[in-house]
Amino acid sequence: MTLTKTVIITGASSGMGAATAELLAASGMKIMLAARREDRLQQLTERIRQAGGIANYHVTDVTSLEQMQALAAATLDTYGQIDVMINNAGIMPISFIRKLKVDDWDRMIDVNIKGVLYGIAAVYPHMEARKEGHIINFSSIAGHVTFPTSAVYSATKHAVRIITEGLRIESRPDQHIRATLISPGAVQTELYKTVTDEEVVPAMDALGSAEWKQLDAQEIANIIKFAIEQPASTTINEIIVRPTSQSL
Ligand code: NDP
């Protein structure tokens, strides 16, 4: 199916954001890539264009409401509308609470919670005026449970889950603004490199060689595409996806 939807993807410079951007562009959607690393965004934009897709990028820090609003404005200037906002940017510097890594706590709250809220704030007025749109937020298995070291990360991902549920509950019959939450299990990306607690780093390094296989970012991209492709009258509210062999 070819869809000409316009999609903003935050955290598009690597991992699931980049994989989703490539897949959606290959499906005919117009993509606005956002993240902080411009070199990565430039390379991905080029790759998509060389493959015949439509992509542009806007360097954006999701912790700034002004920059998120500028991202939405740039998307409207470029494509004329915003159909889908994918709030994917996130960091995971997990640590034991007793380490009191307050800077990491602050960064997780800023990127993982405020970044999502600012993403909603940046596109909501446009979607409300058009009476349609789709907001896709990234939670995690950690947004449903918690583990030793993941309390603050889990708290941010629980928050994203509740914010997304709030969007759904507040939906009105005259508006077709869809809210989708995706909660992946372990996916092989650069996310684990954001860990700064030296007691936790070895466990993160071991994930790559664990007996169970992490998901590929591509597999998550396929699921996002499926959610977007549903008719406007249908919303995939929540998706939980783990590697089959991940028990927690
Ligand atoms: P990556 O580290 O590969 O990607 C994270 C992206 O977030 C990068 O593109 C990074 O770009 C961007 N980002 C980080 N901080 C900011 C910021 N301040 N402003 C803008 N962009 C920012 O990890 P994943 O692909 O794994 O992560 C994507 C999402 O999936 C995250 O929300 C993560 O929490 C969630 N998730 C990941 C799981 C996993 O196992 N990998 C499991 C469950 C959920 P840049 O640095 O260029 O700004």
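Before reading further, recall that the structure is shown in the block above.
Asks: Describe the overall build of the chain, with residues and values.
Replies: Of the regular secondary structure elements, the chain holds seven helices and seven strands. Each helix (α) and strand (β) of the chain, taken in turn from the N terminus, gives the series β-α-β-α-β-α-β-α-β-α-β-α-α-β. For 248 residues, the compact-globule estimate of 2.2 N^0.38 gives 18 Å, and the chain sits close to it at 17 Å. Its C-alpha atoms give the chain principal-axis dimensions of about 50 × 40 × 35 Å. Counting across all 248 residues of the chain, residues that qualify as buried make up 49%. Entry remark: accessible area of the chain is about 11400 Å², with carbon and sulfur atoms responsible for 53%. In the chain, which carries 23 positive and 27 negative side-chain charges, the distance between the mean positions of the two groups comes to 3 Å.

Asks: Explain the nonpolar core to me, and be specific about the residues and the numbers.
Replies: In terms of nonpolar packing, the biggest core is built from 36 residues, with V123 and M204 touching the most fellow members. Of all the secondary-structure elements, those providing two or more residues to this core are β2 (30-35), α3 (65-79), α4 (102-130), α5 (151-169), β6 (176-184) and α6 (201-207). Residue contributions to this core peak at seven residues, all from α4. M204 has contacts with M92, I94, Y192 and V195, leaving out every residue within four places of it along the chain. The next biggest cluster of nonpolar side chains, apart from the first, holds 33 residues, and it includes L23, L24, I48 and F138.

Asks: Describe the packing of helix α1 (residues 15-26) against helix α7 (residues 217-229), and please don't skip the residues or the numbers.
Replies: For any two helices packed against each other, one specifies the crossing angle of their axes together with the interaxial distance. Between α1 and α7, the shortest axis-to-axis distance is 8 Å and the interhelical angle comes to 55°. By the criterion of interaxial angle, the relationship of α1 to α7 is oblique. Seen along the crossing, α1 lies across α7 with a hand that is right-handed. Contacts from G15, M16, A19, T20, L23 and L24 of α1 reach α7 at A217, Q218, I220, A221, N222, I224, K225 and I228. Its residues assigned to classes, the contact of α1 with α7 comprises nine nonpolar, four polar and one charged.

Asks: Give me the sheet that holds β6: which residues, what numbers.
Replies: Read from one edge to the other, the open sheet built from seven strands follows the order β3-β2-β1-β4-β5-β6-β7, with strand pairing classed as parallel. Among the strands making up the open sheet, the edge pair consists of β3 (54-59) and β7 (238-241). Going from strand to strand, the sheet's axes swing by 15° on average, the running direction of each strand aside. In this sheet, β7 lies alongside β6 in parallel orientation, the contact comprising four bridges. Note on β7: the bridge partner recorded for S183 is I240. The strands touched by helix α2 (residues 38-50) within the sheet are β2 and β3, with β3 carrying the most contacts at an inclination of about 170°.

Asks: Break down the pairing of β6 for me, with residues and values.
Replies: Where burial is concerned, most of β6 is hidden: eight out of the nine residues are buried. Note: strand β5 (residues 132-138) against β6, seven bridges, orientation parallel. By the bridge assignment, I136 is partnered in β6 with T180. The parallel pair β5 and β6, bridged by α5, forms a crossover whose chirality is right-handed.

Asks: Pulling in residues and values, what's your account of the site of the ligand?
Replies: Around the ligand, the structure places 30 residues, and the nearest of them are S13, R36, Y153, T189 and Y192. At 2.9 Å from an oxygen atom of the ligand is found a main-chain nitrogen or oxygen belonging to M16. In the complex, the protein chains occlude 96% of the 880 Å² of accessible area that the ligand would expose alone. Contributing elements (two or more residues each) for the shell around the ligand: α1 and α5. Looking at the shell around the ligand residue by residue, the class counts come to 14 nonpolar, 11 polar and five charged.

Asks: Lay out the pattern of salt bridges in plain terms, naming residues and giving numbers.
Replies: A complete count under the given rule lists 15 salt bridges for this structure. Across the salt bridge formed by K114 and D110, the nearest N and O atoms sit 3.5 Å from each other. Within this pair, K114 and its partner D110 are both found in helix α4, separated by four residues, close to a single helical turn. A residue is classified by how much of its surface remains accessible, and D110, at 28% relative accessible area, is partly exposed. One salt bridge in this structure joins D216 and K213, with 3.9 Å as the shortest N-O distance.

Asks: So what's going on with a nonpolar patch on the surface? Which residues, and what values?
Replies: Taken together, the side chains of I97, L100 and V102 define a hydrophobic patch exposed on the protein surface, amounting to about 280 Å² of accessible area. Among the secondary structure elements, L100 is positioned in the loop between β4 (84-87) and α4. A residue is classified by how much of its surface remains accessible, and L100, at 56% relative accessible area, is exposed.

What counts and what doesn't
- One numbering rule holds for all chains: residues counted from 1, following each sequence as written.
- A pLDDT threshold of at least 70 governs which residues receive local features in this predicted model, and a stricter bar of 80 or more applies before side-chain atom pairs are shown or counted, although totals over entire chains, interfaces and linings include all residues.
- As a rule here, side-chain values cover all heavy atoms of the structure and leave hydrogens and water aside.
- Secondary structure elements are defined from DSSP: runs of H or I of at least 4 residues count as helices, runs of E of at least 2 residues count as strands, and each element is numbered from the N terminus.
- Our radius of gyration is a C-alpha quantity, and the globule rule it is checked against amounts to 2.2 Å times the number of residues to the power 0.38.
- The rule is simple: take the accessible area with a 1.4 Å probe, protein chains only, and divide by the maximum for that residue type; under 20% is buried, over 50% is exposed, in between is partly exposed.
- For every accessible area listed, the method is Shrake-Rupley and the probe measures 1.4 Å; residues are considered covered only by the protein chains on display.
- Charged residues are defined here as Lys and Arg on the positive side and Asp and Glu on the negative side; His and the ends of the chain fall outside this count.
- Note that the charge is assigned to NZ on lysines, CZ on arginines, CG on aspartates and CD on glutamates.
- Only buried residues count toward a nonpolar core. Its members are Ala, Val, Leu, Ile, Met, Phe, Trp, Tyr and Cys residues joined through side-chain atoms within 4.5 Å.
- The contact definition used throughout considers only heavy atoms, calling two residues in contact when any of these lie within 4.5 Å.
- Helix axes are fitted to C-alpha atoms over the stretch in contact, other axes to C-alpha atoms as well, and angles between N-to-C directions run from 0 to 180 degrees.
- An angle counts as roughly parallel when it lies under 35 degrees, as roughly antiparallel when it exceeds 145, as roughly perpendicular when it falls between 65 and 115, and as oblique in every other case.
- Take the far helix as your reference; a near helix turned counterclockwise from it by less than a right angle gives a left-handed crossing, and one turned clockwise gives a right-handed crossing.
- Following the grouping adopted for this structure description, the nonpolar residues are Ala, Val, Leu, Ile, Met, Phe, Trp, Tyr, Cys and Pro, the charged ones are Asp, Glu, Lys and Arg, and the polar ones are all others, Gly among them.
- Any two strands are treated as partners once DSSP identifies two or more bridges connecting them.
- We call a crossover right-handed when, viewed with both strands directed away from the observer, the connection leading from the first strand over the helix to the second proceeds clockwise.
- To be near a molecule or strand, a residue needs just one of its heavy atoms within 4 Å of it.
- As used in this structure description, the phrase polar contact means that two N or O atoms lie within 3.5 Å; if the pair is within protein, one of them must be able to donate a hydrogen and the other to accept it, and residues adjacent in sequence are counted only when both atoms belong to side chains.
- A carboxyl oxygen of Asp or Glu within 4 Å of a side-chain nitrogen of Lys or Arg is what we treat as a salt bridge.
- Patches in this entry comprise residues that are over 30% relatively accessible and not in a salt bridge; like charges within 9 Å are linked, as are nonpolar side chains (Val, Leu, Ile, Met, Phe, Trp, Tyr) within 5 Å.

Function cannot be inferred from these measures alone, as they are strictly geometric.
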